Amino acid sequence: MKRRQQGILTGMPFMAHVSSRSFVDDMGRKIYLAKAPTRIVSLAPSVTETLFAIGAGAQVVGVTQFCDYPPEATQKPKVGYANPNLESLVALQPDLIISPQEFLKPDLLGKLEQLKIPVFILADRSVEDIFSHIQTLGRMLDRSTEAVALGMDLRQEIARLKARTQGQPLVRVLYVLNSQPLITVGPGSFIDQLIGLVGGVNIAAKSATPYPRLSMEVVLQEDPEVLVFPIGRAEGISDGEQQAWRRWTTLTAVKQGRLSQIPADLLNRPGPRIGKGLELLADILHPASASSPTTGGK
């Protein structure tokens, strides 16, 4: 049988590790864990959600102040977010720290390495990375069965939503991560991929960075048909900033009143709830498909 590359919808990613207890993170750093960690500090809401989703919530001994799901996560000790305190981390006596690449400063990482505290770095640049990280964390924590089941459920949900929106007219989208300055998503970000999976065309698709800044001149030229604003308690675009977009009366999205909101914690977090976020995005871009009994929608 001819082998083919694994993709978002075709199956589990290939995991190349030296041994069953050796793991290579997204910075190319290899760590060896003699046994499954029992005291884990999570430095990202998406990591926390994944750990709880694979049944490892009891092993979590520290989280960030933004780790608010599931509700049990809010009861865990807090250690900061973008600049966690070294003393607070060490006091929790972790045998593993899991962090997104962008939030762990090199000097802090160096100090943790000196203290022989294993640190595993994650970088979610694609949807496939999300699946890969679920599987890796499952293996680390002897939760492979739960991780495989979670990954398969997510793949099936994404496949269903892709099928539901297939054949629908493509919709030009601007996903507003920040208003002032205007920051959106571009190639190399998992949200850009999610937009494409449900029949959206990201107007920042020509950008050179995953999270580019756009000028209004570019936005007016690309003329999005839909503006999507992530909202939430901890992050998102305020009502006032959303309403300010209505002054751009030449935009098709403004003319048609297609200024939509989506919970930031569903779509901005590369974790186990992206399927729910993607379904809301599909409803926004193709509302007619959501009610069609032939498309597998609601």
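All values reported here derive from a predicted model rather than from experimental measurement.

So, how was this worked out
Residues numbered from 1 in each chain as written. Predicted model: local features only at pLDDT ≥ 70, side-chain atom pairs only at ≥ 80, totals over all residues. Heavy atoms only, no water. Helix = DSSP H or I, 4+ residues; strand = E, 2+ residues; numbered from the N terminus. Rg over C-alpha atoms; globule rule 2.2 N^0.38 Å. Buried < 20%, exposed > 50% of the residue type's maximum accessible area, 1.4 Å probe, protein only. Contact = heavy atoms within 4.5 Å. Areas by Shrake-Rupley, 256 points an atom, 1.4 Å probe, with all protein chains shown as cover. Lys, Arg positive; Asp, Glu negative; His and termini not counted. Charge placed at Lys NZ, Arg CZ, Asp CG, Glu CD. Pairing = 2+ DSSP bridges. Axes fitted to C-alpha atoms, helices over the stretch in contact; angles between N-to-C directions. pLDDT = per-residue confidence, 0-100. Right-handed = clockwise from strand over helix to strand, strands pointing away. Salt bridge = Lys/Arg side-chain N within 4 Å of Asp/Glu carboxyl O. Parallel < 35°, antiparallel > 145°, perpendicular 65-115°, else oblique. Left-handed = near helix turned anticlockwise from the far one by under 90°. Nonpolar A, V, L, I, M, F, W, Y, C, P; charged D, E, K, R; others polar.

## Details of the overall build of the protein chain
Part 1 of the argument: For the protein chain, the helix and strand inventory stands at 12 helices and 10 strands.
Part 2 of the argument: The C-alpha atoms of the protein chain give 20 Å as radius of gyration, which agrees with the globular expectation for 298 residues (19 Å, within 12%).
Part 3 of the argument: Seen through its principal axes, the protein chain has C-alpha atoms that stretch 60 × 50 × 35 Å.
Part 4 of the argument: Counting the 298 residues in the protein chain, one finds 51% classified as buried.
Part 5 of the argument: Excluding contacts between residues fewer than 6 apart, the proportion of contacts in the protein chain whose partners are at least 24 apart in sequence is 62%.
Part 6 of the argument: Of the roughly 14,100 Å² of accessible surface on the protein chain, 53% is carried by carbon and sulfur atoms.
Part 7 of the argument: The centroid of the 32 positive side-chain charges in the protein chain is displaced by 3 Å from the centroid of its 28 negative side-chain charges.

## Observations regarding the sheet that holds strand β9 (residues 226–231)
Part 1 of the argument: Strand order across the open sheet formed by four strands is β8-β7-β9-β10, with parallel pairing between neighbours. Both outer strands of the open sheet, β8 (200–202) and β10 (259–263), are each paired with one neighbouring strand and no more. Sheet twist, expressed as the average angle between the axes of neighbouring strands with direction ignored, equals 40°.
Part 2 of the argument: As defined by bridge partners, β9 adjoins β10 across five bridges and the pair is classed as parallel.

## Observations concerning the confidence of the model for the protein chain
Part 1 of the argument: When pLDDT is averaged along the protein chain, the result is 90, and 91% of the positions lie at 70 or above.
Part 2 of the argument: Throughout residues 1–18 the model reports pLDDT below 50, and contacts reaching past four residues in sequence, or to other chains, amount to 36 contacts.
Part 3 of the argument: This stretch, residues 292–298, has a pLDDT under 50; its non-local contacts, to residues over four places away or in other chains, come to 14 contacts.

## Overview of unusual backbone geometry
Part 1 of the argument: Cis geometry marks the peptide bond from Y69 to P70, where omega comes out at -5°.
Part 2 of the argument: Relative to the helices and strands, P70 is located in the loop between β4 (60–62) and α2 (86–91).
Part 3 of the argument: For the peptide bond that leads from Q180 to P181, omega is 0°, which places it in the cis range.
Part 4 of the argument: Within the chain, K116 stands out as a residue other than glycine whose phi angle is a positive 60°.
Part 5 of the argument: Within the secondary structure, K116 is located in the loop between α3 (106–114) and β6 (119–122).
Part 6 of the argument: Judged by its relative accessible area of 72%, K116 falls in the exposed class.

## Comments concerning the pairing of β6
Part 1 of the argument: Burial along β6 is two-sided: the residues V119 and I121 and F120 and L122 are all buried.
Part 2 of the argument: One ladder, built from four bridges, connects strand β5 (residues 96–100) with β6; its direction is parallel. Bridge pairing links I97 to V119 in β6.
Part 3 of the argument: Each parallel crossover has a hand, and for β5 linked through α3 to β6 it is right-handed.

## Some points on the pattern of salt bridges
Part 1 of the argument: Counted under the stated rule, the structure contains 15 salt bridges.
Part 2 of the argument: Taking the shortest distance from any N to any O, the salt bridge between D25 and R29 comes out at 2.5 Å.
Part 3 of the argument: By relative accessible area, which is 16% here, R29 ends up buried.
Part 4 of the argument: Put simply, D283 and R164 hold a salt bridge, and the shortest N to O gap is 2.8 Å.

## Focus: the packing of helix α4 (residues 127–140) against helix α5 (residues 144–165)
Part 1 of the argument: Two elements in contact, α4 and α5, have axes whose closest approach is 7 Å; the angle formed by their N-to-C orientations is 165°. Comparing the axis directions of α4 and α5 gives the class roughly antiparallel. The interaxial crossing formed by α4 with α5 has right-handed handedness. Contacts between α4 and α5 pair V127, E128, F131, I134, Q135, G138 and R139 from the former with S144, A147, V148, L150, G151, L154, R155 and I158 from the latter.
Part 2 of the argument: Here the residues of the contact of α4 with α5 sort into eight nonpolar, four polar and three charged.

## Regarding the sheet that holds β4
Part 1 of the argument: Here we have four strands laid out as an open sheet, ordered β4-β3-β5-β6, and parallel in their pairing. The strands lining the two open edges of the sheet, one partner per strand, are β4 and β6. When strand polarity is set aside, the average angle formed by the axes of neighbouring strands in this sheet is 30°.
Part 2 of the argument: Pairing of strand β3 (residues 40–42) with β4, which is carried by two bridges, proceeds in the parallel orientation. Within the sheet, the bridge partner assigned to V41 lies in β4 and is G62.

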